[in-house]
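Notes for the structure review
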Amino acid sequence: MPSPDRRLSVLALVLTGVLLVVLGAWTLVARSALPLALDGTVTSVEVRHEKHPGVDDVWMVTLDDAAPRHLDRDVARLLARGAVVEKAAWSSTLTVNGTGHDVGPSRDAWVFLCLSPALLLAVAGLGAVAVRRR
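Summary of the structure given here. (Residues numbered from 1 in each chain as written. Predicted model: local features only at pLDDT ≥ 70, side-chain atom pairs only at ≥ 80, totals over all residues. Heavy atoms only, no water.)

Focus: helix H3 (residues 107-132)
Filter applied, for reference: Under the scheme used here, helices are H or I runs from DSSP no shorter than 4 residues and strands are E runs no shorter than 2 residues, and both carry numbers assigned from the N terminus. To estimate the expected span of a helix, count its residues, drop one, and scale the result by 1.5 Å. Across the chain, bend at a residue is computed as the angle between axes fitted to the seven residues ending at that point and the seven starting from it. Buried means the residue's accessible area, taken with a 1.4 Å probe over protein chains only, is under 20% of the maximum for its type, while exposed means over 50%, and partly exposed covers the values in between. Whether two residues are in contact is decided by their heavy atoms: any pair within 4.5 Å suffices.
An ideal rise of 1.5 Å per residue puts 38 Å on 26 residues; H3 measures up with 38 Å between its terminal C-alpha atoms. Remark: the principal bend of H3, roughly 40 degrees, maps to Ser116, with a proline, Pro117, within the next four residues. Of all the residues in H3, the buried ones are Ala109, Ser116 and Gly127. The secondary structure elements touched by the buried residues of H3 are helix H1 (4-31).

Shown next as structure tokens:
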């Protein structure tokens, strides 16, 4: 039988793994703007090019009411400096200068959300193996 210290260590690692999976999923869904409530005027839209420009760029959008937000390319491209933006939290409609646009999770978010159950099972399985191992 494993020692209580070992079980606590494994539990801490499993919980950390679960937290990382949940945080990763939340981050990708939040970039779609779906869970966000937005209400303000766009003060800047900045593209930060990464290793593969045009593929893995980071789009930072700042509204006059908050700090910069990392948004998906498809959402950020709807916005320009001076645009008035409105969106209720969890609404799939983003209103830009009075025109409604549909928003939703990106392909990256869907892939991660589909893989999340497998990742959680892997973390739990590794934890179970670690507890049983002598």
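Overview of unusual backbone geometry
Residue Ala33 is not a glycine yet carries a positive backbone phi of 75 degrees. Mapping Ala33 onto the fold places it in the loop between H1 and strand E1 (38-48). Its relative accessible area of 0% is what places Ala33 among the buried residues. Although it is not a glycine, Trp90 adopts a positive phi angle of roughly 65 degrees. Inspection of the secondary structure assignment puts Trp90 in the loop between strand E4 (84-87) and strand E5 (93-96). The exposure class of Trp90 is exposed, given its relative accessible area of 55%.

These figures capture arrangement, not role.
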